[in-house]
Amino acid sequence: MGKLSGKKILIGITGSISAYKSVVLVRLLQKEGAIVKVVMTESSKEFVGELTFSTLCNSPVYSNLSQDNQWSNHVELGLWAELFLIAPASANTLAKMTHGLVDNLLTAIYLSAKCPIMVAPAMDLDMWNHKITQSNLQILQQIGIQIIPVGDGHLASGLSGPGRLAEPEEIVEIVKDFFIDSNLLSQKNILITAGPTYEAIDPVRFIGNRSSGKMGIRLAEEAVKLGAHVDLILGPSNESILSHSLLNVIRVESAQQMLDEVTKLQSKIDCFIFAAAVADYKVESPSQEKIKKTEINLDLHLTKNPDIALTIGKSKRSDQISVGFALETENLFENAKSKLDKKNMDFIVMNTPKVKNSAFGFDTNQISIYHKDGRILEFELKTKKEVAKDILHEIYQLQCR
Ligand code: C5P
C-alpha cells in the first residue's frame, strides 16, 4: 500500500510552462495511493490540456465558478481535500493569494479551504527575485502556507537561476512527510499555557512581565499541524495566532484565571506544556477604584500566586505528560533539575536570557532539554517555530515509550 493511501489531494494548476510537470506529479501521487482532483486556472490550459488531467483522475477538471450552467461549489472542494497543493504556483496567483483576490475557482477554493495548503512556486528568475514576490511568499508562510523550495537551474526564458518548479519526485516526498507528520500527535489532547499574567493593582494598573507568548503560541501552532487537539490558555499577548480547527484559544489575564481554566480541562489532557511566565505574586487586595497619587509612598502587599505546574504535577495521572520551562540567569542545571523534580515534570526546557537573541520577546531561542531520567539534550539557536518542533518531537518520543 502506498504511503498516501486514500489521502485526498486537490492539485491547483496555474499558468506556467512547468505545468507539464504536474502531469507526472498527479501520476506519482496516485501511485502512492492518493485520490487526486485537479483545479486549473484559465491560463494554465494554454500550457497543458484539461483532458490529460480528467483522464488521469477519472474525474472532471474544475476550473470555473460555474460550469454548464451549474454552480461549482468551491467550499465543497476545499472541504473534500485533506491537502490543497498548488503546483505550479505562478507569481500572479501567489500575489492574489497574498491579498485575498478571488477571480477564479482556484482562488475561491484557496480562500475558503479548511485544509492545509502548500504551494510550489514556478517563475522566471527576475520575477522570483523581485522584492514583492519575496514579500508575498513571506506573508503566505506567516499565515501557515507551506512553500516548497524552487529549483535552481535552466529556466524556460533561457536564463539560469532560482525559479524552477521543484521536481515532481521532490514534491511527492514533501507531501509524504507532511502526511506522516500530520498524524504524529493525532488523537492527543495537548494543553499549553502561554504568555505573561497580569495581576491587578487597581482597575487600570497591574503587575506583569515581559513575556510575549511567542514560544507557547508557536508550540500550539506546530502541535495542531502534527494532528493534536490543542487548548491554548493564553495570558495577555499581542502576538498573532494562526487559526486552525484543532486549536482552541482561551484568553485569561491572571494566574488564578489561568489555573481555573487548566483545572477545568485537566482530566482530558494527555500532555501539559507550561510555557507561561506566570507572575509569582499578586496584590493581596486590589483596589476597586483607581488609586490616587498622594504625597506619600505606596505600599503594596503581595501574596503568592498559585503555581499551576506544581498543582497539576501533584495531581496528574501517570499517563499524563508534563513539560515545563525554566528561564534561569544562574545555576541553570541545578535550578532546572529542582523544578523538574518538585513539579513532577517529564522534561524541562531550559533557556537563559543571557544568550543573545534568546528567550523573552525574541523570535529565536536556544534551549536545552533536561529529562527526568537525567538525559540532557542541547540545541542550537533556532527560530521559536523550529524550537517548538524539537519540543514536540520529544513529546512524541515519550508517547511512544
Ligand atoms: O517560575 P518558575 O521558574 O518556577 O517556572 C517554571 C515552570 O513552572 C514554567 O514551566 C512555568 O510555566 C510554570 N509555572 C506555573 N505557575 C507558576 C509559576 C511557574 O505554571 N505560578
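Use the structure listed above.
Residues numbered from 1 in each chain as written. Predicted model: local features only at pLDDT ≥ 70, side-chain atom pairs only at ≥ 80, totals over all residues. Heavy atoms only, no water.

1. So, the site of the ligand
Short version of the rule: Near residues are defined by distance, with any heavy atom within 4 Å of the molecule or strand qualifying the residue. Think of a polar contact as two N or O atoms within 3.5 Å of one another; within protein, one of them needs to be a possible hydrogen donor and the other a possible acceptor, and neighboring residues in sequence only count if both atoms come from side chains. Shrake-Rupley sampling with a 1.4 Å probe provides the accessible areas, and residues are treated as covered by the protein chains on show and by no other component. Think of a 1 Å grid over the protein atoms and nothing else: a 1.4 Å probe that fits but is trapped marks a cavity, an open set flanked by protein within 12 Å on at least five of seven lines marks a pocket, and residues with an atom within 4 Å of a point count as lining. More than half of a molecule's atoms lying within 2 Å of a cavity's or pocket's grid points is what places that molecule inside it.
If you check the shell around the ligand, you find Phe274, Ala276, Val278, Asp280, Pro306, Asp307, Ile308, Ala309, Gly324, Phe325, Lys339 and Lys343 and nothing else. Here Ala276 contributes a backbone N or O atom positioned 2.7 Å from an oxygen atom of the ligand. Ile308 places a main-chain nitrogen or oxygen 3.0 Å from a nitrogen atom of the ligand. Taking 440 Å² as the accessible area of the ligand by itself, protein coverage stands at 86%. With respect to the pocket detection grid, the ligand is positioned in the second largest pocket.

2. What about unusual backbone geometry?
Here is the rule: Secondary structure elements are taken from DSSP: a helix is a run of H or I of four residues or more, a strand is a run of E of two residues or more, and numbering for both begins at the N terminus.
Ala87 connects to Pro88 through a cis peptide bond whose omega is 0°. In this structure, Asn58 is a non-glycine residue whose phi angle is positive, near 55°. On the secondary structure map, Asn58 appears in the loop between helix 2 (50-57) and strand 3 (66-67). Phi angles above zero are rare outside glycine, and Asn331 is one such case at about 40°.

3. So, the pattern of salt bridges
The test is simple: Any carboxyl oxygen of Asp or Glu that lies within 4 Å of a side-chain nitrogen of Lys or Arg is treated as forming a salt bridge with it. Buried means the residue's accessible area, taken with a 1.4 Å probe over protein chains only, is under 20% of the maximum for its type, while exposed means over 50%, and partly exposed covers the values in between.
What the rule picks out here adds up to 24 salt bridges. Salt-bridge contacts for Asp346 lead to Lys316; the nearest nitrogen and oxygen are separated by 3.4 Å. Placement of Asp346 in the loop between helix 12 (332-342) and strand 19 (347-351) and of Lys316 in the loop between helix 11 (308-315) and strand 18 (321-327) is noted, with a sequence separation of 30 residues between them. Residue Asp346 shares its accessibility class with Lys316, and that shared class is buried. Here the residues in one salt-bridge network are Lys21, Arg164 and Glu167, joined through shared partners.

4. Quick notes on the sheet that holds strand 15 (residues 271-274)
For the record, the criterion: A pair of strands counts as paired when DSSP detects no fewer than two bridges linking them. Between the N-to-C directions of two axes lies an angle of 0 to 180 degrees, each axis being a line fitted to C-alpha atoms and, for a helix, fitted only over the stretch in contact. Residues are treated as being in contact if the distance between any of their heavy atoms lies within 4.5 Å.
On the basis of which strands lie adjacent, the open sheet formed by 8 strands has the order 14-13-10-15-18-19-20-21 and mixed pairing. This sheet does not close on itself; its edge strands, each paired only once, are strand 14 (247-251) and strand 21 (376-383). Across the sheet, the mean angle from the axis of one strand to that of its neighbour is 20°, orientation sign disregarded. Bridge analysis of strand 10 (residues 189-194) against strand 15 gives 4 bridges, and the strand direction is parallel. Bridge pairing in strand 15 places Ile190 opposite Cys271. The strands touched by helix 9 (residues 214-225) within the sheet are strand 10, strand 13 (229-234), strand 14, strand 15, strand 18 and strand 20 (364-371), with strand 13 carrying the most contacts at an inclination of about 165°.

5. Notes on the layout of surface pockets
Counted only if it meets this: Grid points are joined across faces, edges and corners, and a volume is the space filled by probe spheres set on the points. Three residue categories are used. Nonpolar comprises Ala, Val, Leu, Ile, Met, Phe, Trp, Tyr, Cys and Pro, charged comprises Asp, Glu, Lys and Arg, and polar comprises the others, including Gly. Residue ranges for the domains trace back to a domain assignment, done automatically or taken from a database.
A volume near 1500 Å³ is recorded for the largest pocket. For the largest pocket, the lining is made up of 44 residues, of which Pro116, Gly144, Phe178, Lys225 and His244 are closest to its centre. For the lining of the largest pocket, the elements supplying multiple residues, two or more each, are helix 3 (74-80), helix 5 (105-112), strand 6 (117-121), strand 7 (146-147), helix 8 (168-181), helix 9 and helix 13 (384-400). Top element by residues in the lining of the largest pocket is helix 8. It accounts for 5 residues. For the lining of the largest pocket, the per-class residue count stands at 22 nonpolar, 12 polar and 10 charged. Counting contributing residues per domain, the lining of the largest pocket is built from domain 1 (8-181) and domain 2 (189-399), each supplying no fewer than three. One number sums up the size of the second largest pocket: a volume of about 980 Å³. In terms of lining, the second largest pocket is formed by 42 residues, of which the most central are Ala276, Ala277, Val278, Asp280 and Phe325. Only strand 10, helix 9, helix 11, strand 18, helix 12 and strand 19 provide two or more residues apiece to the lining of the second largest pocket.

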